[in-house]
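Topology and contacts: notes
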Amino acid sequence: MDLVSGYKGMVGLVFGNENSGSSEDSYIERLLDRISNGALAEDRRTAVAELQSVVAESHAAQLAFGAMGFPILMGVLKEERDDVEMVRGALETLVSALTPIDHVKGPKNEVQPALMNTDLLSRESESISLLLSLLSEEDFYIRYYTLQLLTALVTNSPNRLQEAILTIPRGITRLMDMLMDREVIRNEALLLLTYLTREAEEIQKILVFEGAFEKIFSIIKEEGGSEGGVVVQDCLELLNNLLRNNASNQILLRETMGFDPLISILKLRGSTYSFTQQKTINLLSALETINLLLMGGPEVDSAKDANRLLTNKTVLVQKKVLDHLLMLGVESQWAPIAVRCAALQCIGDLIAGYPKNLDALASKVLGEEPHVEPALNSILRIILRSSSMQEFIAADYVFKCFCEQNSDGQTMLASTLIPQPHSMTHAPLEEDVNMSFGSMLLRGLTLNENDGDLETCCRAASVLSYILQNNIQCKERVLKIELEAPMPSLGAPEPLMHRMVKYLALSSSMKSKDGKPSSTGNLYVQPIILKLLVTWLANCPNAVHSFLDARPHLTYLLELVSNPSATVCIRGLTAVLLGECILYNKSSESGKDAFTVVDSISRKVGLTSYFLKFDEMQKSFVFSSAKPAQPRKALTRSNAASMAEIEDVEENDSSNKTDGHPILISIFDAQFVNLVKKLESDIRENIIEVYSQPKSKVAVVPAELEQKGGESDGDYIKRLRSFVEKQCSEIQDLLGRNASLAEDLARTGGGGISQPEQRASGAPERVQVETLRRDLQEASQRLEMLKAEKAKIESEASMYQNLAGKMESDLKSLSDAYNSLEQANYHLEKEVKALKSGGATPSSPDIEAIKAEAREEAQKESEAELNDLLVCLGQEQSKVEKLSARLLELGVDVDTLLEGIGDDMGLQEESEEDEED
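Throughout this document, residue positions are counted from 1 along each chain, in the order its sequence is written. Local features are withheld for residues below a pLDDT of 70 in this predicted model, meaning they are given only at 70 or higher, and side-chain atom pairs are given and counted only at 80 or more; totals for whole chains, interfaces and linings count all residues. Note: side-chain values were computed over all heavy atoms of the structure, leaving out hydrogens and water.

**Some remarks on the overall build of the protein**
Looking only at helices and strands, the protein features 45 helices and four strands. Only heavy atoms matter for contacts: two residues are in contact if any of them lie within 4.5 Å across the pair. Of the contacts formed within the protein by residues at least 6 apart in sequence, a portion of 72% connects residues at least 24 apart. Secondary structure is summarised from DSSP: a helix means a run of H or I of at least four residues, a strand means a run of E of at least two, and numbering begins at the N terminus for each.

Next up, the structure:
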């Protein structure tokens, strides 16, 4: 038990010295000794009861028990199965050792004994197998405490227990059998399976093949459906765990049991429609199941998964789920806000990208005769009237999904946009039941205008932006709408677009209902109206022309884009709107053309500052956090109560003081953010093109070019000359101005463009390009000359290399001659020795004289030849040094070139030295 010994060391660290926890340690040790070595069974049972009591109450006792108690109690479970009371006590003690003690409030970094005990017990796979085997015992409390113990293990150490259960034969089957046990056992087993199936795909599949779906829906029906208690919540949480990110389980549910049992949970029963907290949580869990079937997982990209989701949507609509969702989200205004919001989001997910479901929603009518109205009208009323921010976001999401890639639906809604008389638009709110969709929307756009409260207007503007998105016909149609002035004396009707620009300006001075300045104008009212205008002007030249018809519009945008009190999001969207007035401007009328807009931006804002607004906006939280729609956060026991009680974000919340307002995060979705990014790159490029072209291509002959009556030819020529000089001066000024602007643009335009869009567009750029081209040509010519000179040097080096080889050959022949002389000398000496040994003494002096004379003669001849050779070598060495210096100047590696020369000579000299030795 190395783990236990290590655990003892940890306990020592927690308690400090050995004496600090001596009382707890000694008491636990005495109890464990009585359990393991006691002679009387009753005494051992009493010891187990006392041990359980102290471990359940004492933090220190849990630590001490973990260091010593696990082997003893696991031995009891293994070897004393017949003693039911003893096994009960051991299991209950283990549960207490793994359960945190709530009333202990120590430091945050304090060791948690329950977690340490869990880690110690879960390390032994035999322990898990032993506990699972106890589930087959007949005693109720043994099974109950065993399930509690397994739940404690999986709560504190889920991964390890999941792996252990998968390795145990029939481990999952034993747990599934507990669902058919008595109610208390069943509920504990249900809770355990809920923990086990979180992010464990293998366990999820095994449970489904063991009949989990049938048992789950059977328990839900038995407990009363949505009216049931926490058991229904646990069943739905287990169901959601089995379906989340698991395509095969979703298909199996659809093909076997179908969606009828799930949809029946959404049915409201009774006449009072009372909603308790538990019923709210149960409905939220069922709506989460619907959402999982509609949205799939975060990685839905394959055609197979897309087909599965479309099939789910088809079957759900066939089963009338849309009726139940409309009842919960639209008609049941007494339902909690959380339920209404979840139902509306499910409606949006149900219709998104599926034409049949879009048509089904468009044709739905709510209410009873004679008071019926289209479902879309009712959802629009929620957007305009709801006091809940979360409900507005959810209802707005429905229209977003309805209008996305649904040009027919957009056209149908836009066709109802017919202005009403001023008396109708200011009628009581209750009378909007008889209005068409478009009339209600236009009324919402102009409602509370005189009160300075543009909250309703901003919500209606969000819906209108969805109707206009990527639909030129709808943009042109709405462009023709004119609204009556609030008072006939104030003038003629004005276009709807101009009214929206006026509201954009008014929103900065909005006041709340108590008369104080409201912060919501800068938080989301202005950004939403700007989103409408950006969407409207995109790819619609007529809308740009209508926008620029009123000269104050451009002036206001130039002020707003440089307003330091405006948020980053507002300044960035204003910059995009100004860019659209350039990008989609087809007007040639002076004062309204693209050049005029660019020139105004350059003079009043500056291109550097203007483009900086794009970069700041892209870095803001709203734009950087925009992502495609994701499944909602999983509903569990720990967060169910908080999610059931949605509270709107207060205006004084610190999180609202930034660009990250919840409404903006929801409405500025990934599709709109991508549109803005594309517009930004097009705007940068288009501004370059505007500056690279003349302002007007129509040649107009000035009056100064005509000869005046009575003017002499000489005076006429002088006047023409001065006129041309003046025109040349103005042209040079314009060229210099364009060049500086283009240079400024090229310098600032790279922040948000990843493509090579920074082209040379001004005079300095063209001059620089020509200079670089000439430099490149000169460098190429110089390189060719150097290559030719290098080839010449290399040929000379090759010649000298051959000469050096010849000299080496001569030196070798000289060395051979010297060796032959040495050999002749050796033979003469040998003959002399032979003559001496033969006794020919009289001739000895002659032989010695001959020998000396021959040696002297050979030495003189050798020295003469060596001197000649050294002179030649010196001359050649000086040549080699000059060539080497020249080669170094040309960048040639001399050592590499001369490598290998002289190796043969060195080897020959070494052989000669060996012979002499």
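**Some points on the nonpolar core**
Ranked by internal contacts, the top residues of the largest apolar core, which has 221 residues, are L77, L175, L361, F399, L496, M500 and Y610. Excluding anything up to four places from it in sequence, L496 contacts L442, L445, L464, V478, I481, E482, L483 and W536. By size, the runner-up hydrophobic cluster in this structure holds five residues, among which are I793, A797, L887 and V894. To form a nonpolar core, buried Ala, Val, Leu, Ile, Met, Phe, Trp, Tyr and Cys residues must be joined to one another through side-chain atoms within 4.5 Å. Relative accessibility decides the category of a residue: with a 1.4 Å probe and only protein chains considered, values under 20% of the type maximum give buried, values over 50% give exposed, and everything between is partly exposed.

**Things to note about the pairing of strand β1 (residues 365–368)**
Bridging between β1 and strand β2 (residues 371–374) involves four bridges; their strand directions are antiparallel. The partner of E368 across the bridge, within β2, is H371. The turn linking β1 back onto β2 is made up of two residues. Criterion used throughout: strands pair if DSSP finds at least two bridges between them.

**What to know about the packing of aromatic side chains**
Aromatic rings from Phe, Tyr and Trp, taking only the six-membered ring of Trp, are treated as a pair when their centres fall within 6.5 Å; an angle between ring planes under 30 degrees marks them as stacked, one over 60 as edge-to-face, and anything in between as tilted. Counted according to the given criterion, the structure contains eleven aromatic pairs. A ring pair is formed by F399 and F437, whose centres lie 5.5 Å apart and whose planes are at 40°; its orientation type is tilted. Taken together, the residues span a long stretch of sequence, with F399 in helix α24 (residues 389–403) and F437 in helix α27 (residues 437–446) at a distance of 38 residues. Sitting over the face of the ring of F140, R182 holds its NZ or CZ atom 4.2 Å from the ring centroid. Put simply, a charge is over a ring when the Lys NZ or the Arg CZ is close to the ring centre, within 6 Å, and near the line of the ring normal, within 35 degrees. One cation-aromatic arrangement involves K279 over F275; the distance from NZ or CZ to the ring centre is 4.6 Å.

**Examining the pattern of salt bridges**
Throughout this description, the term salt bridge denotes a Lys or Arg side-chain nitrogen within 4 Å of a carboxyl oxygen of Asp or Glu. Applying the stated criterion across every chain yields a total of 35 salt bridges. With a closest N to O distance of 3.5 Å, K319 and D260 form a salt bridge. Of this pair, K319 sits in the loop between α19 (303–318) and α20 (321–331) while D260 sits in helix α17 (residues 260–266), and the two are 59 residues apart along the sequence. By relative accessible area, which is 35% here, K319 ends up partly exposed. A salt bridge links K592 to E589; its shortest N-O distance comes to 4.0 Å.

**Concerning unusual backbone geometry**
With a phi close to 55°, E199 is a non-glycine residue in the positive phi region. A positive phi angle is found at K320, which is not glycine, with a value near 65°.

**Focus: the packing of α27 against helix α28 (residues 455–468)**
Fitted lines through C-alpha atoms serve as axes, helices being fitted only where they are in contact, and the angles separating the N-to-C directions of these axes extend from 0 to 180 degrees. Where α27 contacts α28, the axes come no closer than 7 Å and their chain directions differ by 135°. Classed by the angle they form, the pair α27 and α28 counts as oblique. At the point where α27 passes α28, the crossing takes the left-handed sense. Across the interface between the two elements, F437, L441, G444 and L445 from α27 touch T456, C457, A460, A461, V463, L464 and I467 from α28. Roughly parallel covers angles under 35 degrees, roughly antiparallel covers those over 145, roughly perpendicular covers 65 to 115, and oblique covers all other angles. What makes a crossing left-handed is the near helix being turned counterclockwise from the far one by less than a right angle; a clockwise turn instead makes it right-handed.

**Focus on the packing of helix α33 (residues 551–561) against helix α34 (residues 568–583)**
Contact geometry for α33 and α34: axes closest at 8 Å, N-to-C directions at 145°. As for the relative orientation of α33 and α34, their crossing is left-handed in sense. Mapping the contact onto sequence places L554, L557, L558, L560 and V561 in α33 and I570, R571, T574, A575, L577 and L578 in α34. Classification used: nonpolar for Ala, Val, Leu, Ile, Met, Phe, Trp, Tyr, Cys and Pro, charged for Asp, Glu, Lys and Arg, polar for all others including Gly. Here the contact of α33 with α34 is built from residues that sort into nine nonpolar, one polar and one charged.

**Digging into the environment of N639**
Tracing the sequence through the fold places N639 in the loop between α37 (621–624) and α38 (640–644). Relative accessible area serves as the criterion here: at 11%, N639 is assigned to the buried category. Discounting residues that sit within four places of it in the chain, N639 has contacts with K633 and A634.

**Things to note about helix α13 (residues 201–209)**
Buried within α13 we find I203, Q204, L207 and V208. Around the axis of α13, the buried residues are gathered within 135° of arc, so they sit on the same side. In the core, the buried residues of α13 are packed alongside α10 (158–167), α11 (171–177), α12 (183–196), α14 (212–223), α15 (230–243) and α16 (247–255). One or two residues past the end of α13 sits G211, with phi positive at roughly 90°. Our arc is simply the arc of the directions from the helix axis toward the C-beta atoms.

**A look at the environment of I101**
Along the polypeptide, I101 turns up in the loop between α6 (84–98) and α7 (113–122). A sequence separation of 43 residues divides I101 from S58, and the C-alpha atoms of the two residues are 7.8 Å apart. Residues contacting I101, with those up to four places away along its chain left out, are V55, A56, E57, S58, H59 and Q62.

**Regarding the confidence of the model for the protein**
Across the chain, each position has a pLDDT score giving the predictor's confidence in that residue, from 0 to 100. Overall, the prediction assigns the protein a mean pLDDT of 80, with 79% of residues at 70 or greater. Scored below 50 in pLDDT, residues 750–764 makes 23 contacts in the model with residues more than four places away or belonging to other chains. Confidence drops under pLDDT 50 across residues 840–844; counting only partners more than four residues distant or on other chains, this segment forms two contacts.

**Structural notes on the side chain of Q410**
Inspection of the secondary structure puts Q410 in helix α25 (residues 407–414). For Q410, a relative accessible area of 3% translates into the label buried. Ignoring any residue separated from it by four or fewer positions in sequence, one finds Q410 in contact with C403, Y466, I467, L468, Q469, N471 and C474.

**Regarding the state of the cysteines**
Defined by distance alone, a disulfide is two cysteine sulfur atoms within 2.5 Å. Evaluation of the coordinates by the stated rule reveals zero disulfides. Summary of cysteine pairing: C474 is not part of a disulfide, and the nearest cysteine sulfur, belonging to C403, is at 8.4 Å.

**Some thoughts on a negative patch on the surface**
By definition, no residue in a patch forms a salt bridge, and every one has over 30% relative accessible area; like charges are joined within 9 Å, nonpolar side chains (Val, Leu, Ile, Met, Phe, Trp, Tyr) within 5 Å. Per-residue and other accessible areas follow the Shrake-Rupley method at a 1.4 Å probe size, with only the shown protein chains counted as cover for residues. Residues scored as charged are limited to Lys and Arg (positive) and Asp and Glu (negative), so that His and the chain ends carry no count. One atom stands in for each charge, and that atom is NZ of Lys, CZ of Arg, CG of Asp or CD of Glu. Together, E853, E857, E861, E865 and D868 line one region of the surface with negative charge. You can call E857 exposed: its relative accessible area is 54%.

**Examining α25**
Within α25, burial applies to G409, Q410, L413 and A414. In an axial view of α25, the angular spread of the buried residues amounts to 130°, which keeps them on one side of the axis.

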